[in-house]
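These are the residues of each chain, in order.
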Amino acid sequence: MKVLLIGSGGREHALAWKLAQSPRLSKLYATPGNPGIAAHAELVDIEPHNIVGFAREENIGLVVIGPEQPLVEGLADRLREQGILVFGPSAAAAQLEGSKGFTKDLCRRANIPTADYARFSDAVSAKAALPRFGLPVVIKADGLAAGKGVVIPTTAEEAEAAIDDMFGGGFGGAGAEVVIEEFMTGEEASFFALTDGTTIVPFGSAQDHKRVGDGDTGPNTGGMGAYSPASILTPALERQVMDEIIAPTVATMAAEGVPYSGVLYAGLMLTAEGPKLIEYNCRFGDPETQVLMARFDGDLVTLLADVAEARLAEVAHPELADRVALTVVMAANGYPGTPAKGGAIGGIAQAEQNGARVFQAGTALADGVLVAAGGRVLAVTATGNSVAQAQQAAYAAVDRIDFPTGFCRHDIGWREVERESARVA
Ligand code: AMP
Ligand code: GLY
């Protein structure tokens, strides 16, 4: 089967690496891809509006869409209209990520545990509702904002300023509508499930580190590292998440004529009252995919095609290995502000000598030299029998990378390492 992968990040490099190992694969294409993905796929330069035509001409058997933007814009629909198999939800179903208000309303209808909320389309009524939510309060731009559309003010003045900023266009079109939410406390974890619209199979858990600095300090990023599994999501909690959050979501979407097909990535808050949904993403996480794929020994082409063909009820459910995977993101200096571009990167082969994998994200080739070309540049990924082992192996690999204009956090996995040593003691 010929497969076309859409995207260019570390997530897509991890997917490409796994797709390329499938005995079902005859040829892997990626667009736009990156130099890391090029080791597993033929990179093709296709304008987004020509993707459907390319897939038809090349007789692509499965298109795998990595990022949320093309999903929300309806790429999966346009491919399906032409009879092409695609892994990823329709635009209507991708609203689970594309509109926070859509998801909150769905939670209300389906009785799914989540923070109390209200939706607003003007600043005056949004501000008038603030007292009801107390402080801190959570204010979100409704639409896609590249992970930046959430502010958590601790004073009424900051909250009003945030509302003005969103309605004033501070988050572009994403802020035409605003959701105000009750602030939940607890530890966050991510849970992944594959669904073909009817059948649902769990596909692992992870935790990431969103802050740029050691000790979870500094501004938010797309994620500076992650590990899987998240032991805090015990098997009992996972069942509760499946029963109370994922299953009613999939059932309600189907019942309302918007069946969801693809991966459902649930951001959870583990509160004193039980797990609650923070948000959904309609695609795999980045860098969570890097750790999930490092635990998946199965045939990814077959699995994603089974999802796309709605065959999950008929096939054996995927399993992730018991080993722990941990990934450390190396970012370009300046990230998450303006990252330094063009810095040379060396040592990848040395870093991979002991079994670690270096997934590339914001990289490019300049005169044959690998250089930084984005904020998050590499995701250095290793596995072990414990988090401590995986962490040690990942940082040993990081030490072999020569990337003078980059940096990383030095404590990825700290929570889990602490928990692990508490269990041993
Ligand atoms: P989101 O983009 O919706 O995942 O929000 C980004 C981050 O904001 C989450 O990972 C949480 O850390 C935080 N957050 C979002 N909603 C809430 C909430 N209702 N209560 C507490 N923290 C939240
Ligand atoms: N790591 C967070 C995300 O992929 O949205």
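Note that the structure is a prediction, hence the values are computed from the model and not measured. (Residues numbered from 1 in each chain as written. Chains lettered and ligands numbered in written order. Predicted model: local features only at pLDDT ≥ 70, side-chain atom pairs only at ≥ 80, totals over all residues. Heavy atoms only, no water.)

Peer 1: I keep staring at the sheet that holds strand β7 (residues 137–141) and nothing clicks. Help me out?
Peer 2: Sheets are built from strands that pair by backbone hydrogen bonding, the pairs being arranged parallel or antiparallel. Strand order in the open sheet formed by 4 strands is β6-β9-β7-β8, and the pairing between neighbours is antiparallel. The sheet is open, and its two edges are formed by β6 (117–120) and β8 (150–151), each paired on a single side. Pairing of β6 with strand β9 (residues 178–182), which is carried by 4 bridges, proceeds in the antiparallel orientation. Note that in β9 the partner of Y117 across the bridge is E181. Together, β6, β7, β8 and β9 form the strand contacts of helix α6 (residues 100–110), whose direction differs from that of β6 by roughly 140°. Docked against the sheet, helix α7 (residues 123–133) engages β6, β7 and β9, running at close to 170° with respect to β6. (Pairing = 2+ DSSP bridges. Helix = DSSP H or I, 4+ residues; strand = E, 2+ residues; numbered from the N terminus. Contact = heavy atoms within 4.5 Å. Axes fitted to C-alpha atoms, helices over the stretch in contact; angles between N-to-C directions.)

Peer 1: When you look at the environment of A16 in this model, what are you seeing that I'm missing?
Peer 2: Tracing the backbone through its elements, the reader meets A16 in helix α1 (residues 10–19). The buried category is assigned to A16, whose relative accessible area is 0%. For the pair A16 and M293, spaced 277 residues apart in sequence, the C-alpha to C-alpha distance is 10.0 Å. Ignoring any residue separated from it by four or fewer positions in sequence, one finds A16 in contact with L5, L28, I37 and H40. (Buried < 20%, exposed > 50% of the residue type's maximum accessible area, 1.4 Å probe, protein only.)

Peer 1: Help me understand the packing of aromatic side chains in this model?
Peer 2: Describing an aromatic ring pair means giving the distance of the ring centres and the angle of the ring planes. Taken as a whole and judged by the stated rule, the model has 6 aromatic pairs. Ring centres of W17 and F359 lie 5.4 Å apart, and the angle between their planes is 65°; this geometry places the pair in the edge-to-face category. Here W17 is found in helix α1, whereas its partner F359 is found in strand β18 (residues 357–360), with 342 residues between them in sequence. Both residues of the pair, W17 and F359, belong to the buried class. Ring plane angle 55° and centroid distance 6.2 Å describe the contact between F203 and F284, whose orientation is recorded as tilted. (Phe/Tyr/Trp six-rings, centres within 6.5 Å; stacked < 30°, edge-to-face > 60°.)

Peer 1: Got a minute to help me understand the sheet that holds strand β3 (residues 42–43) in this structure?
Peer 2: Strand order in the open sheet made by the 5 strands is β3-β2-β1-β4-β5, with parallel pairing throughout. Two strands lie at the open edges of the sheet, namely β3 and β5 (86–87), each paired on one side alone. Relative to β3, strand β2 (residues 27–32) runs parallel, the two being bridged by 2 bridges. Bridge assignment links Y29 to a residue of β3, and that residue is E42. Across the sheet, α1 touches β1 (2–7), β2 and β4 (62–65), and the angle it forms with β1 is around 170°. Helix-sheet contacts for helix α11 (residues 300–308) involve β1, β4 and β5, and the interaxial angle to β4 is about 95°.

Peer 1: So what exactly am I meant to see when it comes to unusual backbone geometry here?
Peer 2: What is expected of a backbone is that most residues other than glycine have negative phi and most peptide bonds are trans. In this structure, P32 follows T31 across a cis peptide bond, with omega equal to -10°. Mapped onto the elements of the fold, P32 is located in strand β2. With an omega of 20°, the peptide bond between D286 and P287 qualifies as cis. The phi torsion at D216 lies on the positive side, around 55°, for a residue other than glycine. Along the chain, the position of D216 falls in the loop between β12 (211–213) and β13 (217–220). Judged by relative accessible area, D216 falls into the partly exposed class, the value being 22%. Here D367, not a glycine, exhibits a phi torsion of approximately 50°, which is positive. The class of D367 is exposed, set by a relative accessible area of 82%.

Peer 1: Would you explain the site of ligand 2 in this entry?
Peer 2: Every residue near ligand 2 is listed here: D208, G222, Y265, N281, R283, G285, D286, P287 and E288. Interatomic distance of 3.3 Å between a side-chain N/O atom of D208 and a nitrogen atom of ligand 2. Backbone polar atom of G222 to a nitrogen atom of ligand 2: 3.1 Å apart, as the coordinates give it. In the complex, 85% of the free accessible area of ligand 2, which totals 200 Å², lies under the protein chains. Tallied by class, the residues present in the shell around ligand 2 amount to 2 nonpolar, 3 polar and 4 charged. (Near = heavy atom within 4 Å. Polar contact = N/O pair within 3.5 Å; in protein donor to acceptor, adjacent residues only side chain to side chain. Areas by Shrake-Rupley, 256 points an atom, 1.4 Å probe, with all protein chains shown as cover. Nonpolar A, V, L, I, M, F, W, Y, C, P; charged D, E, K, R; others polar.)

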